[in-house]
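An overview of the molecular structure
Here is what each chain is made of, one letter per residue.
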Amino acid sequence: MNKKLFVLLVVLMSLSLIGLIFVQSFWIKKSIESSEEQFSSSVSEALNSVTNKISERETKNYFDRYLNAKDSIGELKGAQLTNFFFIDRDVNSNEILLYEHGILEEDYGISSTFFDSTDGADTTIIKNFTSKRTTSIFKEDFDLEGNAFRLNPIQRIEKIGGLNKMEKAAMEEMFMVHAKRTAIHMRVSKQEIELLLQRELENRGVDIAFEYGIYSNGLPTKVKSSKFKYAETNIYKSPMFVDFEGVSNFDLLVAFPKKKRFLVQSILGLAMLSLLFTIIIVVAYSGAIYQLIRQKQISEIKTDFINNMTHEFKTPIATINLAVEAIKNPKIIGDQEKVLRYLQMIRDENKRMHAQVENVLRISKLEKNQLDISKDRVNVHEIIEDAITHVELIVDDRGGYIHTHLDAERSEILANEMHFTNVLVNILDNAIKYSEEAPKIDVFTEKAKNYIIIKVQDQGTGMSKGVVKKVFEKFYREHTGDIHNVKGHGLGLSYVKKIVEDHQGEVYAESEKGKGSTFYIKLPLI
């Protein structure tokens, strides 16, 4: 993939993800704000309902006390009846309309304790007014001479009533004037406020703990909950005992200590679902980016592998061609010694190419789980000695050595002899290839519980920590300048890891740049 196109795709995907996260965050913020507005509206409605019910209850108490006091008086102190009349005669129909409105004024002497007065007055003047309205219609009868001699009643409507709305309002105002002189804790109790608040809030879906207090002109009164604290913010209030002029000296204040938690919980379900989907998208995005980068790296590594393979096949092919051309030379073909030498060269180079192809095929089969690995009881020490014989000529040729320190008391494992030999040969071959000077290699074995640990230590160029983490990956090779400076395809250690893991073992490496490397193989003992 083109590098610019790859960067563009990553940038676009990143911007899309950031935009999605921003939209989700904005939506959650708006949901909380909307929930808070709804909460405030519900609380305000509940407070107004509570204050109205308390005012209505107080007014009803005054009326009930007034009626009870009136009924207990017995004889009236005085009464006066006032009648208003209205007479209208219709000449055409000979009907007479008589409207009579009588107002009965009753004076009661009610004890001053009705208002719990402390001014020393003996009585409180309270009068009752009863309204009696009568509508009568009469029709005149005439004699033969045309003179009216009697009135026949046709219709009579009589209504008896007490106070009308205006009179009732006047009486309520009278009660309010007196109530203002009463202490607030005598007018409303904590229990009444708590009960009404809880009921009204629950009716509106606000099931949350609250604290309350009644303030008079900004100053606290005795009527408040034990944990109520006044604050400029997060306080809801509603005026109490509003008079007919719209003036109130008292405010009911309510605070919700757990308001934020309540608001968050109200949208928690949707928010968590949204967060879950966002996390899934982030994980999927990260995985996609990782796979893109991984594929790009693999593409580069495979290109490197093909270049290496081509380079390494080029030399043996050229050697074989030269050997064949030499054999065809009439001067050489008669020399049996030289012919055998060139034939041996062709055989060796052919085996070398075959071994490289087999290595690639083995890795391919391992990845597809098609490699048949049968296991038998084998001795690790014997396999180590066998593996060393495969490379000792190369080591001797370069003036190096391989020393063994086989100290494990037990060394029998369940393994495939051929593949496990290849594992050790690959590790030893790496130690030789990455030793710039004469290879100096030590092989150790030791027993740890029910495991045997094989340690291959060299004094070569070593690896950085970043390389150590990737050294067992397929096609990975550390580059030190020219990509062909060390022959190989980055397949050997990948093969080692897969074979060891198939034997229920572990393989890992320790290294330091310039100080050599140590490879560890841990396998279960029989």
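This is a predicted model, so every value here is computed, not measured. (Residues numbered from 1 in each chain as written. Predicted model: local features only at pLDDT ≥ 70, side-chain atom pairs only at ≥ 80, totals over all residues. Heavy atoms only, no water.)

**Considering the sheet that holds strand β10 (residues 401-406)**
The 5 strands are arranged β10-β12-β13-β15-β14 in an open sheet whose pairing can be described as mixed. Lying at the two open borders of the sheet, with one neighbouring strand each, are β10 and β14 (506-511). The mean angle between the axes of side-by-side strands here comes to 15°, regardless of whether they run parallel or antiparallel. By the bridge criterion, 8 bridges tie strand β12 (residues 440-448) to strand β13 (residues 451-458) in an arrangement that is antiparallel. Bridge pairing in β13 links K447 to I452. Contacts between helix α9 (residues 380-397) and the sheet are confined to β10, β12 and β13, with β10 contributing the most and set at about 170° to the helix. In the packing of helix α10 (residues 417-433) onto the sheet, contacts are made with β12, β13 and β15 (517-524), and the angle to β15 comes to roughly 170°. (Pairing = 2+ DSSP bridges. Helix = DSSP H or I, 4+ residues; strand = E, 2+ residues; numbered from the N terminus. Axes fitted to C-alpha atoms, helices over the stretch in contact; angles between N-to-C directions. Contact = heavy atoms within 4.5 Å.)

**Observations concerning the nonpolar core**
In terms of nonpolar packing, the biggest core is built from 42 residues, with I413 and I521 touching the most fellow members. Residues V188, L197, L201 and I208 belong to the second largest nonpolar core, which totals 26 residues. (Core = buried A, V, L, I, M, F, W, Y, C linked by side-chain atoms within 4.5 Å. Buried < 20%, exposed > 50% of the residue type's maximum accessible area, 1.4 Å probe, protein only.)

**Notes on the pairing of strand β5 (residues 211-216)**
By the criterion of burial, β5 is predominantly enclosed, with 6 of the 6 residues buried. Residue alternation in β5 divides its side chains into two sets, E211, G213 and Y215 and Y212, I214 and S216, and both sets are buried. Direction of pairing for β5 relative to strand β8 (residues 250-255): antiparallel, over a ladder of 6 bridges. Counted as the bridge partner of I214 is L252 from β8. Relative to strand β6 (residues 219-224), β5 is paired through 3 bridges, and the arrangement is antiparallel. If you follow G213 over to β6, its bridge partner there is K224. Linking two consecutive strands that pair antiparallel, namely β5 and β6, is a turn of 2 residues; a positive phi of about 50° is found at N217 within it.

**Some remarks on the sheet that holds strand β7 (residues 235-240)**
Within the open sheet, the 4 strands sit side by side as β6-β5-β8-β7. Their pairing is antiparallel. The open sheet has two free edges, formed respectively by β6 and β7, since each of these has just one partner strand. When the angles between neighbouring strand axes are averaged without regard to direction, this sheet yields 30°. Against the sheet, helix α4 (residues 190-203) touches β5, β6 and β8, its axis set at about 125° to β5.

**Points about α10**
The terminal C-alpha atoms of α10 lie 24 Å apart, and with 17 residues this matches the ideal 24 Å at 1.5 Å per residue to within 8%. Within α10, 12 of the 17 residues are buried, leaving the element largely enclosed by the surrounding structure. Of the residues making up α10, those classed as buried are H419, F420, T421, V423, L424, V425, N426, I427, L428, N430, A431 and I432. (Expected span 1.5 Å × (residues − 1).)

**Comments concerning a nonpolar patch on the surface**
Taken together, the side chains of L5, V7, L8, L9, V11, L12, L15 and I18 make up a nonpolar region of the molecular surface, amounting to roughly 700 Å² of accessible area. Classification of I18 by relative accessible area gives exposed; the value is 56%. (Patch = residues over 30% accessible without salt bridge, like charges linked within 9 Å, V, L, I, M, F, W, Y side chains within 5 Å. Areas by Shrake-Rupley, 256 points an atom, 1.4 Å probe, with all protein chains shown as cover. Salt bridge = Lys/Arg side-chain N within 4 Å of Asp/Glu carboxyl O.)

**Some details on the pattern of salt bridges**
Under the defined criterion, the tally for this structure stands at 14 salt bridges. Here R57 ties to E192 by a salt bridge, and the two come within 2.9 Å at their closest N and O atoms. In this pair, R57 is assigned in helix α1 (residues 3-71) and E192 in helix α4, connecting sequence segments 135 residues apart. Salt-bridge contacts for D502 lead to K375; the nearest nitrogen and oxygen are separated by 3.1 Å. Separated by 127 residues along the polypeptide, D502 in helix α12 (residues 492-502) and K375 in the loop between α8 (336-367) and β9 (376-379) bring together distant segments of the chain. Under the relative-accessibility criterion, K375 is labelled partly exposed at 28%. A single network of salt bridges, built from pairs that share partners, joins E45, K53, E200 and R204.

**Notes on the packing of α9 against α10**
Taken N-terminus to C-terminus, the directions of α9 and α10 make an angle of 35°; their axes are 9 Å apart at the nearest point. Between α9 and α10 lies a crossing whose hand is right-handed. Of the residues in α10, those in contact with I383, I384, D386, A387, I388, H390, V391, I394 and V395 of α9 are E417, F420, T421, L424, V425, L428 and I432. Of the residues belonging to the contact of α9 with α10, the class tally is 12 nonpolar, 2 polar and 2 charged. (Left-handed = near helix turned anticlockwise from the far one by under 90°. Nonpolar A, V, L, I, M, F, W, Y, C, P; charged D, E, K, R; others polar.)

**As for unusual backbone geometry**
Not every positive phi belongs to a glycine, and F241 is a case in point at roughly 55°. On the secondary structure map, F241 appears in the loop between β7 and β8. Classification of F241 as buried rests on a relative accessible area of 11%. Residue K449 is not a glycine yet carries a positive backbone phi of 55°.

**Some thoughts on the packing of aromatic side chains**
Throughout the structure, instances matching the rule amount to 6 aromatic pairs. Pairing Y215 with F228 gives two aromatic rings, centres 6.0 Å apart and planes at 65°, and the pair type is edge-to-face. Within this pair, whereas Y215 is found in strand β5, its partner F228 is found in the loop between β6 and β7, the two being separated by 13 residues in sequence. You'll find Y215 and F228 in the same group, each marked buried. Linked through ring pairs, F39, Y236, F256 and F262 together constitute an aromatic cluster. Sitting above the plane of the F444 ring, K455 keeps its charged end 4.8 Å from the centroid. Stacked on the ring of Y451, the Lys or Arg K522 has its end atom at 4.7 Å from the ring centre. (Phe/Tyr/Trp six-rings, centres within 6.5 Å; stacked < 30°, edge-to-face > 60°. Lys NZ or Arg CZ within 6 Å of the ring centre and 35° of its normal.)

**Quick word on α4**
Here α4 contains 14 residues, and its C-alpha end-to-end distance of 20 Å stays within 8% of the 20 Å for a straight helix at 1.5 Å per residue. Those residues of α4 not exposed but buried are E192, I193, L196, L197, E200 and L201. The buried residues of α4 occupy one face: seen down the axis, they fall within an arc of 140°. Note on α4: the residue one or two positions beyond its end, G205, has a positive phi of about 80°. (Arc of directions from axis to C-beta.)

**Here we look at the pairing of β15**
The buried count for β15 comes to 6 of 8 residues, which makes it a mostly enclosed element. Relative to β15, β13 is paired through 7 bridges, and the arrangement is antiparallel. Within β15, the residue paired with V456 across the bridge is F519. Direction of pairing for β14 relative to β15: antiparallel, over a ladder of 6 bridges. Within β15, the position partnered with S511 by the bridge is S517. The turn linking β14 back onto β15 is made up of 5 residues, and G514 within it adopts a positive phi angle of 85°.

So far we have only geometry, and geometry alone does not tell us how the molecule works.
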